[in-house]
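Okay, here's what each chain looks like letter by letter:
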Amino acid sequence: MTGSLQIKNDTYYAVLNFRNSEGKRVQKWINLNMPVRDNKRRAEAALNELLVQYQDYENIEPMNLLLSRLVAQWLETNRPNIAVTTYDQYFLILNKHLTPYFDSKKMTVSKLTAGDLEDYYAFKVQEGLSSNSVIKHHAMIRTALQWAVKHRLIRENVADFAQKPSHVRYHGAEPYTIQEVANLLQLTANEPIAVPIFLASFYGMRRSELLGLRWSAINFQQGTLSISTTVVREKQ
């Protein structure tokens, strides 16, 4: 394995050269987070440290994986440990956002840098996603890369060095007023959905809790209602 220093955006990068099982060269770019000015010796020392760290790294094949494939592998491997609703959300992020963006750039794990992730975050915000939504994308990517580090598929998590968007406090629609709730109940009194609307209005029950409600959850003697089951949509 060999390595060299490269300059990108006035910052030093360490470029490590590996060989895969087919004998083809695979490059790994690592941001040293050092401005070019007055940092050449520090950058050279950092490069030498990286060469030592990666010297015994045998399995370079995972670095050839597309980033989207790595995230998909992590998602399916950990599916039993992820809540159904969370899995569905991750599945949507992967297929609607990550895969189209990074596959169009042929972005492999070996090429991925913190700057690439920051470009992605900025692009998604410009597309219209909220900063809070993009933060979820960051968390998902970081978790997938950390899983890869844990299983020695890669050595470092570049998401740790990427600057994610700032959290924005949610300012959504105002809740219904008492009069608006009364109007809603009156208008839906004879509809099949009247009872769920009533329970949601007075007890703040979520949709999954309403759908999971059973007669056994109601104690008519004590006048109590217990939330013991929920119903959510699951992807097959």
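Summarised in this report is the structure supplied together with it. Everything numeric here is computed off the predicted structure, so don't read it as measured data.

Calculation rules
- Residues numbered from 1 in each chain as written.
- Predicted model: local features only at pLDDT ≥ 70, side-chain atom pairs only at ≥ 80, totals over all residues.
- Heavy atoms only, no water.
- Helix = DSSP H or I, 4+ residues; strand = E, 2+ residues; numbered from the N terminus.
- Rg over C-alpha atoms; globule rule 2.2 N^0.38 Å.
- Contact = heavy atoms within 4.5 Å.
- Areas by Shrake-Rupley, 256 points an atom, 1.4 Å probe, with all protein chains shown as cover.
- Core = buried A, V, L, I, M, F, W, Y, C linked by side-chain atoms within 4.5 Å.
- Buried < 20%, exposed > 50% of the residue type's maximum accessible area, 1.4 Å probe, protein only.
- Phe/Tyr/Trp six-rings, centres within 6.5 Å; stacked < 30°, edge-to-face > 60°.
- Lys NZ or Arg CZ within 6 Å of the ring centre and 35° of its normal.
- Pairing = 2+ DSSP bridges.
- Axes fitted to C-alpha atoms, helices over the stretch in contact; angles between N-to-C directions.

In terms of regular secondary structure, the protein chain is built from eight helices and five strands. The order of helices and strands in the protein chain, counted from the N terminus, is β-β-β-α-α-α-α-α-α-α-α-β-β. Computed over C-alpha atoms, the radius of gyration of the protein chain comes to 25 Å, more than 25% over the 18 Å expected from 2.2 N^0.38 for 236 residues, which places it beyond the range of a compact globule. Taking as baseline every contact in the protein chain between residues at least 6 positions apart, the subset at least 24 positions apart corresponds to 52%. Total accessible area computed for the protein chain in this model is approximately 15600 Å², and 50% of it derives from carbon and sulfur atoms.

Judged by nonpolar contacts, the single largest core of 32 residues is most densely connected at Leu98, Phe102, Leu117 and Leu145. If we skip the residues at most four places from it in the chain, Phe102 touches Leu67, Met107, Leu112, Asp116, Leu117 and Tyr120. Grouped together as the second largest cluster of nonpolar side chains are 14 residues, Tyr12, Leu47, Leu50 and Tyr54 included.

Looking now at the packing of aromatic side chains. Per the counting criterion, the structure on display carries 10 aromatic pairs. Through a chain of ring-to-ring contacts, three or more aromatic side chains come together here, namely Tyr101, Phe102, Tyr120, Tyr121 and Phe123. Its end group placed over the ring of Tyr101, Lys105 keeps NZ or CZ at 5.0 Å from the ring centre.

Take unusual backbone geometry next. One non-glycine residue with positive phi stands out, namely Asp38, at about 60°. Residue position: Asp38 is located in the loop between strand 3 (25-35) and helix 1 (40-54). With phi around 55°, Lys106 is a residue other than glycine that occupies positive phi space. Assignment of secondary structure puts Lys106 in the loop between helix 3 (84-104) and helix 4 (114-127).

Walk down a regular strand and you will see the side chains alternate between the two sheet faces. Of the strand pairs in this sheet, strand 1 (residues 2-8) and strand 2 (residues 11-19) are connected by seven bridges, and their pairing is antiparallel. Within strand 2, the residue paired with Leu5 across the bridge is Ala14. Here strand 1 folds back onto strand 2, and the loop between the two strands holds two residues, one of which, Asn9, carries a positive phi near 55°.

Let us look at the sheet that holds strand 1. Taken in spatial order, the three strands of this open sheet run 1-2-3, and their pairing is antiparallel. Two strands bound the open sheet, and with one partner strand each, they are strand 1 and strand 3. The sheet shows a mean angle of 25° between the axes of neighbouring strands, direction not considered. In this structure, strand 2 lies alongside strand 3, joined through eight bridges in antiparallel fashion. Within strand 3, the residue paired with Ala14 across the bridge is Ile30. Docked against the sheet, helix 1 engages strand 1, strand 2 and strand 3, running at close to 25° with respect to strand 2.

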